[in-house]
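For reference, the chains in residue letters:
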Amino acid sequence: MKAWRHQPARYGLSFFAALWLLMIVPLGAIAAPYAAYVIDARTGKELHSENADTRLHPASLTKMMTLYIAFQAVERGELSLDTKVTISKNAASEPPSKLGMRPGQKIALRYLIRAAAVKSANDAATAIGEAIEGSEAAFARRMNRTAKQLGMTRTTFKNMHGLTENGHLSTARDMTRMGRHLLYDYPQYYNLFSRITADAGVRKVSHTNRRFLGSYKGADGIKTGYTRAAGFNLTASAERGNERIIVTVFGGKSTASRNAKVAELMDLGFRRAPSSAPLRKPVPPVYADVEHGNGTRAAGKTIRLVGAVTTSKRPTLRPRSEEVLVATAVAPEATSVVSNSDITAALREAVKTVPAAPVAVEPESRPQEAITLASANVSIRPEPRPEEVQVAVAQAVEQEIVTRISTSGSRHWGVNVGRYPSRYAAEKVLLKTALAEMSTLDGTLRKVVQRPQGFEANFLGMSRESADLACRRLAARNVNCFMIGPS
């Protein structure tokens, strides 16, 4: 009898177990379908594709776009890496993964970028978006505009962190494209994605992708993502020799299985990619004014661009009202069949017939001797010379070789104030240095020269004395400087 009483309980447990297998597992599979995309990063050529255009939940792969816009905003001067960002209640309340910042806390933008890139901190990503656009909704609109400019045609963003939200969807193809733009549009920041640990200001954080970075040869990024709806996602990049492959996987079942799949696809990519290929970098987006729904344009920030001088600062000559004497050099032994008396008579006759108002007319070719008109504010235009009248060609004169006379006042010297990883960084240093040392650098030409090792920041158009003085004054300000002599 006791055994019979326990039978219903056993049947009940079996029923619920079967129900869980039939319902829960299929639902999980539906919520996180698999997709993959592989490209040769140098050319953007597709090497493998599976469900690459299916719109799925990107999870924290979203933060690639958040970070891209952050780099863009710094480049455009909307804010700097040292800008102090005040953490809002909205940002502080984001669920993990997070830094755990308090509402009202201030932290530099550079630390928020590190936390979002390395730890995938949701509160940091939200704080970045609010600092740039003021609200989550406004930043999401900017994300969607940027996605459209990058060619991410099947992506729609609703937030800056990637937590599951209705309509927040992307594809493996679009996220691979996003990773490629991060790599080539902002190479000066790309090293963030390969850091195993980073200082995030409030504490040290570890990379969410450290296992793959540490296990796959050549791996140097880029971003992981996980939610229940998305599964385990990863956009990864690896470089071996002259080859670089980018892989995106959606819907992994676990961190280990996802990493194994990405490694398998990386190997496939390196096998299929040619050993040498031309580098065709993606085209960065064009910055445009933002239009509101009512058709009006948002007020943009004024950004001063520093570049090479392309126009001369010399003013145009002021028009002269006094009489201008036109003369031509007298060629040796030049002869003409028209006599001087005929020319003089023609000029006198023309002066008598000139109207009262002064008229300026283009003169025709004069005979080969200097002629000065005594009448003021009048330029005489003689009748066209008949075809039968011929002027003898002047005899050739031995040419005199004249060396070019410099007008630079011996200003062939300059100073170099360092080498930087990007043109923007070099131009920024040039502007900052010029403003700090106006007494010796005023009037110089700021020029950035690209070298294989980086971008050199130079001030040119200086005399040796002024270059020496500028370097000594900059050295007193703890600015590295050396003189550049005439080349």
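Procedures and definitions
Position numbers for residues count from 1 along each chain, tracking the sequence in the order it is written. Reporting of local features is limited, given that this is a predicted model, to residues whose pLDDT is at least 70; pairs of side-chain atoms are given and counted only at 80 or more, and all residues count toward the totals for whole chains, interfaces and linings. Processing note: side-chain calculations cover all non-hydrogen atoms of the structure and skip hydrogens and water entirely. Numbering of helices and strands runs from the N terminus; a helix is a DSSP stretch of H or I covering at least four residues, while a strand is a stretch of E covering at least two. Summary of the burial criterion: residues with accessible area below 20% of their type's maximum are buried, those above 50% are exposed, and those between are partly exposed, where the area comes from a 1.4 Å probe applied to protein chains only. Should any heavy atoms of two residues lie within 4.5 Å, those residues are considered in contact. Each accessible area value is a Shrake-Rupley result obtained with a 1.4 Å probe; residue values ignore everything except the protein chains displayed when judging cover. Between rings of Phe, Tyr and Trp, where Trp is taken as its six-membered ring, a pair exists when centres lie within 6.5 Å; planes separated by under 30 degrees are stacked, by over 60 edge-to-face, and by other angles tilted. Given a helix with a known number of residues, its expected span is that number minus one, times 1.5 Å. The directions from the helix axis to the C-beta atoms are what the arc is built from. Only when DSSP finds a minimum of two bridges between them are two strands counted as paired. The angle between two axes is taken between their N-to-C directions and runs from 0 to 180 degrees, where each axis is a line fitted to C-alpha atoms and a helix contributes only its stretch in contact. The rule for a disulfide is simple: a pair of cysteine sulfur atoms within 2.5 Å.

Peer 1: Before we go on, may I ask you to explain the overall build of the protein in this structure?
Peer 2: Across its full length, the protein carries 13 helices and 13 strands. The 487 residues of the protein split such that 37% are buried. Within the protein, contacts between residues separated by at least 24 positions form 67% of all contacts whose residues are at least 6 apart in sequence. Summing over all exposed atoms, the protein offers an accessible surface of approximately 29100 Å²; the carbon and sulfur share of this is 54%.

Peer 1: Quick question: what am I supposed to make of the packing of aromatic side chains here?
Peer 2: To describe a pair of aromatic rings, one takes the distance between the centres and the angle between the planes. Applying the stated criterion across every chain, the model contains 7 aromatic pairs. A centroid spacing of 5.2 Å and a plane angle of 80° characterise the contact between Tyr68 and Tyr186, whose relative ring orientation is edge-to-face. Of this pair, Tyr68 sits in helix H2 (residues 63-76) while Tyr186 sits in the loop between helix H7 (172-185) and strand E5 (197-199), and the two are 118 residues apart along the sequence. As far as burial versus exposure is concerned, Tyr68 and Tyr186 are alike and both buried. On the basis of an interplanar angle of 45° and a centroid distance of 6.4 Å, the ring pair of Tyr186 and Tyr189 is categorised as tilted. Across this residue pair, the class does not change: Tyr186 and Tyr189 are buried. An aromatic cluster of at least three residues, connected via ring pairs, comprises Tyr68, Phe71, Tyr186 and Tyr189.

Peer 1: When you look at helix H11 (residues 423-436) in this model, what are you seeing that I'm missing?
Peer 2: For an α-helix, the turn length of 3.6 residues means that residues three or four places apart are oriented alike. Between the first and last C-alpha of H11 there are 20 Å, a value that for 14 residues agrees with the 20 Å anticipated at 1.5 Å per step. Among all positions of H11, only Ala426, Leu430, Thr433 and Ala434 are buried. Axial view of H11: buried residues confined to an arc of 100°, hence all on one face. In H11, the exposed positions angled more than 90 degrees off the buried face are occupied by Lys432 and Leu435. Buried positions along H11 lie against strand E10 (413-420), helix H12 (438-441), strand E11 (445-451), strand E12 (454-462) and helix H13 (464-476).

Peer 1: I tried to follow the sheet that holds strand E2 (residues 45-50) on my own but got confused; where do I start?
Peer 2: Two strands in a sheet stick together by hydrogen bonds in their backbones, pointing the same way (parallel) or opposite ways (antiparallel). Strand order in the open sheet formed by 5 strands is E2-E1-E9-E8-E7, and the pairing between neighbours is antiparallel. The sheet is open, and its two borders are formed by E2 and strand E7 (219-227), each paired with just one other strand. Here the strands of the sheet are splayed against their neighbours by 10° on average, with no regard to which way each runs. Bridging between strand E1 (residues 35-40) and strand E9 (residues 243-252) involves 6 bridges; their strand directions are antiparallel.

Peer 1: Quick question: what am I supposed to make of the state of the cysteines here?
Peer 2: Each disulfide consists of one covalent bond between the sulfur atoms belonging to two cysteines. Tallied over the entire structure, the rule returns 1 disulfide. Covalent S-S linkage joins Cys471 and Cys481, the inter-sulfur distance amounting to 2.1 Å. Where Cys471 bonds to Cys481 through sulfur, the torsion about that S-S bond is close to -80°, and the disulfide is left-handed. Note that Cys471 is positioned in helix H13 and Cys481 in the loop between H13 and strand E13 (482-484), a separation of 10 residues in sequence. For Cys471, a relative accessible area of 11% puts it in the buried group. You can call Cys481 partly exposed: its relative accessible area is 23%.

Peer 1: Which parts of the structure should I look at to understand the environment of Ala219?
Peer 2: Along the chain, Ala219 falls in strand E7. On the basis of relative accessibility, which here comes to 14%, the residue Ala219 falls in the buried class. Taking the C-alpha atoms as reference, Ala219 lies 9.5 Å from Arg244; in sequence the two are 25 residues apart. Among all residues touching Ala219, those that are not within four sequence positions of it are Phe212, Leu213, Ser237 and Ala238.

Peer 1: Is there a simple way to explain the pairing of E12 in this structure?
Peer 2: Successive side chains on a regular strand alternate, one facing one side of the sheet and the next facing the other. Extensive coverage of E12 is indicated by the burial of 7 of its 9 residues. Where E11 lies against E12, 7 bridges are found, and the strand directions are antiparallel. Bridging across to E12, Arg451 finds its partner in Gly454.

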